[in-house]
Amino acid sequence: MGKPLFYEILEKPATSCIIGICSMIWFYIQKKNIGYSHVGLSYETAVEGNYWRIITSAFSHVSVIHLVFNMSALWSLGVVEQLGHLGLGVEYYLQYTLVLVVVSGVLVLAMYHLLIQRFKLEYFRRVTAVGYSCVVFGWMTILSVKQPSSKLDLFGFLSLPISFAPFESLIFTSIIVPQASFLGHLSGIVVGYAIAWDLIHGMSNYWALSLLGWIALVFVLSLKRSGALELNFLEIESVTDPSLPSVRFLASNSGRTLQMSALPNGNVEIV
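Reading the values: rules and limits
Residues numbered from 1 in each chain as written. Predicted model: local features only at pLDDT ≥ 70, side-chain atom pairs only at ≥ 80, totals over all residues. Heavy atoms only, no water. UniProt positions renumbered as here; feature names shortened; annotations may be inferred. Helix = DSSP H or I, 4+ residues; strand = E, 2+ residues; numbered from the N terminus. Contact = heavy atoms within 4.5 Å. 1 Å grid on protein atoms, 1.4 Å probe; cavity = no way out; pocket = protein on both sides within 12 Å on 5 of 7 lines; lining within 4 Å. Points joined across faces, edges and corners; volume = space filled by probe spheres on them. Salt bridge = Lys/Arg side-chain N within 4 Å of Asp/Glu carboxyl O. Buried < 20%, exposed > 50% of the residue type's maximum accessible area, 1.4 Å probe, protein only.

The protein is annotated in an unreviewed UniProt entry as Peptidase S54 rhomboid domain-containing protein of Flemingia macrophylla. Recorded in UniProt for the protein, the comment headed Subcellular location (unreviewed entry) runs: "Membrane".

Okay, here's the thing in structure tokens:
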């Protein structure tokens, strides 16, 4: 008999928080009827400067099945938080989750760029990817190198040897779910191996916080640049009486407004 859920949550605090965040975002997306094109990542939107979508696409999901599959796998992979004796642990998990989100998103865009510019495959220009699978596949790969004896449990009844899980899952999802992003999943695997083999290394709390700060800055600036975020704190009224010049500061009724504009119809890939 397994441990009570409460104790497992305490043993996997970071994983539990991420699952909670993804679930709340999914609920908000469903409640507000937000489409994948509003939050997903595509080559076309990235070229337009919508870099904030690297973050929103990772934490957004198209359907409840999409969410449950990713979160079920992530919950199993949360064992990384308990492997401090192998040089992993909670801090390592948080630091390299940040790396996986950003680097795998950038790598997907680089793959799209190569396919579009070199091989003239215009299909990939408007393919929109959403989902946390890049990170999930990244942690599958890291765990397969660091702890090859582990198993990946899905939905509480399906168990896969972690050493084969990245490529088994890559092939399985590509066959069973045609919309699954092969390139998105592959990018997670590539970045996962780069981390596991120490090609990407040296992360500390200092560098993680620095990276988080830069991500927040680029996120806000790209939102502003793309027109998705208005920062109107000050409005100056024109003078109505030339003899009595006046300047008044008016507070905007709506304050900061987040606006989502629909993109032209394209293709969606879930990751």
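Draft legend 1. Layout of the UniProt feature "transmembrane region" (unreviewed entry) in the protein. Sequence positions flagged by UniProt for "transmembrane region" (unreviewed entry) are, in local numbering, residues 12–29, 50–73, 93–116, 123–142, 154–175, 182–200 and 206–223. Taken as a whole, residues 50–73 contains 71% helix and 0% strand, while its terminal C-alpha atoms sit 29 Å from one another. The span residues 206–223 is 100% helix and 0% strand, and its two end C-alpha atoms sit 26 Å from each other.

Draft legend 2. Just the side chain of N70, in detail. Along the chain, N70 falls in helix 6 (residues 64–77). With sequence-adjacent residues up to four places away left out, N70 is seen in contact with H61, G131, Y132, S133, V136 and V271.

Draft legend 3. The arrangement of the layout of surface pockets in detail. Its boundaries defined by the atoms lining it, the largest pocket holds a volume of some 490 Å³. Lining the largest pocket are 18 residues; nearest its centre among them are F59, L94, T97, L98 and L212. Counting residues per element, the ones that place at least two in the lining of the largest pocket are helix 2 (13–31), helix 5 (53–59), helix 7 (90–117) and helix 11 (205–226).

Draft legend 4. Here's a closer look at the pattern of salt bridges. Evaluation of the coordinates by the stated rule reveals two salt bridges. With its nearest N and O atoms 4.0 Å apart, the salt bridge here joins E44 to R126. Here the residue E44 occupies a position in helix 4 (residues 43–47), and R126 occupies one in the loop between helix 7 and strand 1 (127–130), the gap between them amounting to 82 residues. Put simply, E122 and R125 hold a salt bridge, and the shortest N to O gap is 2.7 Å. Of the residues examined, E122 reaches a relative accessible area of 45% and is grouped as partly exposed. Residue R125 is classed as partly exposed on the basis of its relative accessible area of 25%.

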